[in-house]
Amino acid sequence: MTKPTIALFGASGTMGFQAFQELWRRRERFNLALLALPEDQKTGIFDPYLRQAGAPRLRGRGIAEGKGLKIVWGDATRYEDVAEVIRGADRVLNAMAYISPMADYNPEQARRVNVEAVSHILRAIQSEPGGAERIAYVHTGSVAQTGNRPPGFHVGRVGDPHKPAVFDYYALTKIEGERLVLESGLRYWASLRMSFILPTRFAELISLFDPILFHLPLNTCMENITDRDAGYGLANCAEIPLQSDFWWRVYNMGGGQAMRLSAYQFLQMIYGMFGLRLEACTERNWFALRNFHLQFYEDGWILNEYLHHQRDSLADFRQAILASMPLPLKTLRALALRLPPVRRWMEGVLYRWQRRMVETHPNSPYSWVKSGNLWRIRAFFKSMEDFLAIPNWNTALDDAPPADYRRLSHGYDEQKPHLTAADLHGAAAFRGGALLSTDWQEDCYQPLGWRCAFGHEFSARPYSVLKAGHWCPTCTAHWNGDQQARRNPFFAQVWYADHDPQEDYAYPLENIRDVEAAHLPARKRKQKAGLRPASPQS
């Protein structure tokens, strides 16, 4: 009997490599086909597996194929490369994403990877013989799609409104990419909305350090997941029977109760792993007050019932990081924990280095305050007055996530086993719009016509709207939440969780350019400078 072929995208990423390793351990049951960038050849990440498969080690573009393993060295933004990976596949797992902060620094590439490459995957599946009816596709969405969920609104579920944070272009691309999947017409698909993926290797964790850390409000409630649990869960999707009711659904994928804490607690844990104190290494007003993402998942258990991926706890994550910490840092950590003068010296060095960064880096909230970037100040602090009112660390901070929360309405009776046209009309009205189609066959996956409160007409399946939180694609692509919330009670539930009804801003899309290429040295940033961000009126 021929073994099924699993096509995996994003296999060199934090989650994707864990999924690849898990699938490789099951290689007696699968053939694997990967797409990897030629630059991954320099790291040699796949060399041991190529040797085991008897496949050649290439330089540059090409196909390396051996027993049970095929690697297409190419680019997901090229349809031809995507089609080659999917040729002959039975399942397609997509762990690929161009994430923040790089998505902020190179928005064009974020769109190419998170939207255009997804369209290539769907097209390639549909182009295979019987592909749309035969090949199962698993997509990875993001918690960023539902945006900032402050305490009191910090527990969410699939079907809640999409609320991409202002200037978070990554979130826009993930919403658009997922919508392509839900509206594709494939017979077998699923979308897993990933929470914050914690690397379990020290080097990978440190590589994430960027001023985006300070976009994180300290009261944010985080349900994280380790890379190995995320990869394990994705690999398990390869063995879900096609007869299962797993398919044609969107899920929240987090680590469960054992991976929950506040951002303040998380940062204390991270700095504490070095033997340092968060309060001695940072200032409280370096952190934004709103406009990020993350939440606890009320319904994360549903996916775990299928994938059994919730294995690690925060203690397991901490143990994995400490075990992979380089010996010199382990020594410094031990000294800091044992000798207070050494700890204070280390904290002073780190504080001064971080202060220089937060004052000068284009993607730092504190630098926006110093430069008078009013659009960013409004988005992340609400106003200069709110920024100036931030207390120092001497004022007590309530770091415990609250037990109570507001469960959002989705605009229809979710307990009904079968929806009626009246349910769809009511849900559309709750979103400030209307259902236009009159020929609904009571099929939640039938494309229907809708109109939003601003008069935009669009097509969407009832599942996408009522069950997955999608609505008008034109409105979602604009950061005018103040205007949308006045007309859309469904969206207003999350918008007014951290915005005042008196606010009235339409944040310009082109203002994402003010952090473009911010990862490059200042000289190169100037060379790559594109559009100048618009300046708001004071």
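Note that the structure is predicted; figures quoted are calculated from it, not measured.

Definitions and limits used
- Per chain, residues are indexed from 1 in the order of the written sequence.
- Whole-chain, interface and lining totals are the exception, using all residues; otherwise, since this is a predicted model, local features are given only for residues with pLDDT of at least 70 and side-chain atom pairs are given and counted only at 80 or more.
- Side-chain measures here rest on the full set of heavy atoms in the structure, leaving out hydrogens and waters.
- All axes are obtained by fitting lines to C-alpha atoms, using only the stretch in contact for helices, and the reported angles, taken between N-to-C directions, cover 0 to 180 degrees.
- Helix and strand definitions follow DSSP, with helices as H or I runs of at least four residues and strands as E runs of at least two, each counted in order from the N terminus.
- Working definition: roughly parallel below 35 degrees, roughly antiparallel above 145 degrees, roughly perpendicular at 65 to 115 degrees, and oblique for all remaining angles.
- Working rule for handedness: look at the near helix, and if it is turned counterclockwise from the far one by less than a right angle, call the crossing left-handed; if clockwise, right-handed.
- Note on contacts: a residue pair is in contact if any heavy atoms of the two residues lie within 4.5 Å.
- Here a salt bridge means any side-chain nitrogen of Lys or Arg lying within 4 Å of a carboxyl oxygen belonging to Asp or Glu.
- For each residue, the accessible area found with a 1.4 Å probe, counting protein chains only, is set against the maximum for its type, and the residue is called buried under 20%, exposed over 50%, and partly exposed in between.
- Between any two strands, at least two bridges found by DSSP are needed for them to pair.
- On a range of 0 to 100, pLDDT expresses the predictor's confidence in each residue.

What to know about the packing of helix H1 (residues 14–25) against helix H9 (residues 227–236)
Point 1. Orientation of H1 relative to H9, taken along the N-to-C sense of each, is 55 degrees, at an axis distance of 7 Å. Comparing their axes, H9 and H1 come out oblique. Here H1 and H9 pass one another in a crossing that is right-handed. Note on element contacts: H9 touches H1 through Asp-227, Arg-228, Ala-230, Gly-231, Tyr-232, Leu-234 and Ala-235, opposite Thr-14, Met-15, Gln-18, Ala-19, Glu-22 and Leu-23.

What about the pattern of salt bridges?
Point 1. Applying the stated criterion to the full structure yields 33 salt bridges.
Point 2. Close ionic contact of Glu-22 with Arg-26 constitutes a salt bridge, the shortest N to O distance being 3.0 Å. The same class applies to Glu-22 as to Arg-26, namely buried.
Point 3. Here Glu-347 makes a salt bridge to Arg-277, at a shortest N to O gap of 2.7 Å. Of this pair, Glu-347 sits in helix H15 (residues 340–360) while Arg-277 sits in the loop between helix H10 (263–272) and helix H11 (278–281), and the two are 70 residues apart along the sequence.
Point 4. Linked through salt bridges whose partners overlap, the residues forming this network are Glu-22, Arg-25, Arg-26, Arg-29 and Glu-239.

Things to note about the sheet that holds strand S6 (residues 136–142)
Point 1. Sheet architecture is open: eight strands sit in the order S3-S4-S2-S1-S5-S6-S8-S12, paired in mixed fashion. Taken across any chain shown, the strands that pair with only one partner, and hence form the sheet edges, are strand S3 (62–66) and strand S12 (249–253). Averaged over all adjacent pairs, the angle separating strand axes in this sheet is 15 degrees, with direction ignored.

Some remarks on the confidence of the model for the protein
Point 1. Averaged over every residue, the pLDDT of the protein is 95; the share at 70 or more is 96%.
Point 2. Across residues 530–538, confidence stays below pLDDT 50; counting only partners more than four residues off in sequence or on other chains, it has 17 contacts.

Focus on the sheet that holds strand S15 (residues 434–435)
Whether parallel or antiparallel, the strands of a sheet pair through hydrogen bonds between backbone atoms.
Point 1. Overall, antiparallel pairing links the three strands, which are arranged S15-S16-S17 in an open sheet. Two strands in the sheet have a free side with no partner beyond their single neighbour: S15 and strand S17 (457–460).
Point 2. Across four bridges, the pairing between strand S16 (residues 448–451) and S17 is antiparallel. Across the sheet, Arg-451 pairs through a bridge with Glu-457, a residue of S17.

Digging into the pairing of strand S8 (residues 189–194)
Point 1. Summarising burial for S8: six of the six residues are buried, a large majority.
Point 2. Alternating residues of S8 divide into Trp-189, Ser-191 and Arg-193 and Ala-190, Leu-192 and Met-194, and every residue in both groups is buried.
Point 3. Taken together, the six bridges between S6 and S8 define a ladder with parallel strand orientation. Bridge pairing in S8 places Thr-140 opposite Leu-192.
Point 4. Bridge count between S8 and S12: five bridges; the pairing is parallel. Within S12, the position partnered with Leu-192 by the bridge is Tyr-251.

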